[in-house]
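Chain by chain, the residues:
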Amino acid sequence: MPERLARAFQGLLVLLTACLVVFLLLYYIIPAIVKIINSLLPVILPFAVAALLAALIDPVVNFIQEHAKLNRTAAVLITIFFFLGLTSTGLFYLISNLIIELEGLVSTLPAQARGLGALLQEIFNRLQAFYFSGALPPDILSSLQNLLNTATVGLKGLLTSLIQWLIAFLSSLPELFIVVIITLVATFFFSRDKEAIMATLRQFLPLSWAKNIETVGSSVGRAIIGVLRAETLLISLQITQTIIGLLILRVDYALTLAFLIGLADILPIVGPGTIYIPWAIWEFIQGRYGLGIALLILYSFIIILRQLLQPKLVAVNLGLHPLTALIALYAGLKLLGIAGLIIGPLTVVVFKAYLAAGIGKR
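Residues numbered from 1 in each chain as written. Predicted model: local features only at pLDDT ≥ 70, side-chain atom pairs only at ≥ 80, totals over all residues. Heavy atoms only, no water.

An unreviewed UniProt entry lists the protein under the name Sporulation integral membrane protein YtvI, with Thermanaeromonas toyohensis ToBE given as the organism. UniProt, in the comment section headed Subcellular location (unreviewed entry), describes the protein in these words: "Membrane". Per UniProt, the comment on the protein under Sequence similarities (unreviewed entry) is "Belongs to the autoinducer-2 exporter (AI-2E) (TC 2.A.86) family." (UniProt positions renumbered as here; feature names shortened; annotations may be inferred.)

Here is the structure:
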């Protein structure tokens, strides 16, 4: 076989092999991996959460163990019961008030939806009378009317679905009791036997690999925990500000609205502005200009305070210079969107850990 033909055959064979690999990855391997992960996730998730909780409470456990002169088991138990009692009290107050507010909101939802439809209809009629003066063809007016009706029905459906989701979530809390118990027990063992678990993991890796992985993993773990602490503090502060502001403004369902705004801040892409801004616009449409301006002021105050505190909190929790944290936050936001606010600083921490481990020098 001529050399040129052999090379062409080899190139074609490589191309076909690559196409086959891509085909298998897209249509068989990746879907199978996703299916396996989805099947294993409910089993793994409680223990992953337990490992994270154990890492979060580790500084408190070490402090109690050192200053109270207790053994590791007693320090872990005291810490878990303290945080469990604090969390249970807060959740009981939050859930009980949410249920009361949601019941009232659900009972008034049909009337509010009818009022919304009537208001939109009135606005449409005024616009039609003022701007159109009957000059538009009937089919265009009919299309606009249908659009208005669709928007009203859609908004009513969205509100109903949201309320139903919240009620379903609250009603499913008793079913989470077993998962919570398993997570707490696993947290106890992860925290108490931390050194034994780490020693067992080291046995499965070569010594040099174990040291590098432990150095990088420790830095990344501290960084992730630091980001979670910073975000938890920021979201808690935002919810507290919202509750206080809405109570001062004497807004109904202040706790439910604050919970929704905090949930919007947790979700990717979605932010508190997706609730504050439409809400303020709606108040302006209804003629309640004072409340609309107050909501915009409250939203501005929350955003400004968050922007001022976030670089400092991230820097403190990640061990970065505030300027470095600010650059990482801004670069992550511009390159990756909202997720970059977490990925950006974590990337800097991983790079620092990489250099500290001396991996790049080998």
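A. How the structure looks around the overall build of the protein. Looking only at helices and strands, the protein features 11 helices and zero strands. Listing the helices and strands of the protein from first to last along the sequence gives α-α-α-α-α-α-α-α-α-α-α. Across the 362 residues in the protein, those meeting the buried criterion constitute 26%. Contacts in the protein between residues far apart in sequence, at least 24 positions, make up 64% of those at least 6 positions apart. With the model as given, the accessible surface of the protein reaches about 23600 Å², and the carbon-plus-sulfur share is 74%. (Helix = DSSP H or I, 4+ residues; strand = E, 2+ residues; numbered from the N terminus. Buried < 20%, exposed > 50% of the residue type's maximum accessible area, 1.4 Å probe, protein only. Contact = heavy atoms within 4.5 Å. Areas by Shrake-Rupley, 256 points an atom, 1.4 Å probe, with all protein chains shown as cover.)

B. Expanded view of unusual backbone geometry. One non-glycine residue, Lys69, lies in positive phi territory at about 55 degrees. Mapped onto the elements of the fold, Lys69 is located in the loop between helix H1 (3-67) and helix H2 (72-132).

C. View of the packing of aromatic side chains. Evaluation of the coordinates by the stated rule reveals four aromatic pairs. Measuring from centroid to centroid gives 5.3 Å for Phe82 and Phe83, while their planes differ by 75 degrees, and the two rings are edge-to-face. Taking relative accessible area as the criterion, Phe82 reaches 52% and is therefore assigned exposed. Overall, the relative accessible area of 31% leaves Phe83 in the partly exposed class. Ring plane angle 40 degrees and centroid distance 6.0 Å describe the contact between Phe284 and Tyr289, whose orientation is recorded as tilted. (Phe/Tyr/Trp six-rings, centres within 6.5 Å; stacked < 30°, edge-to-face > 60°.)

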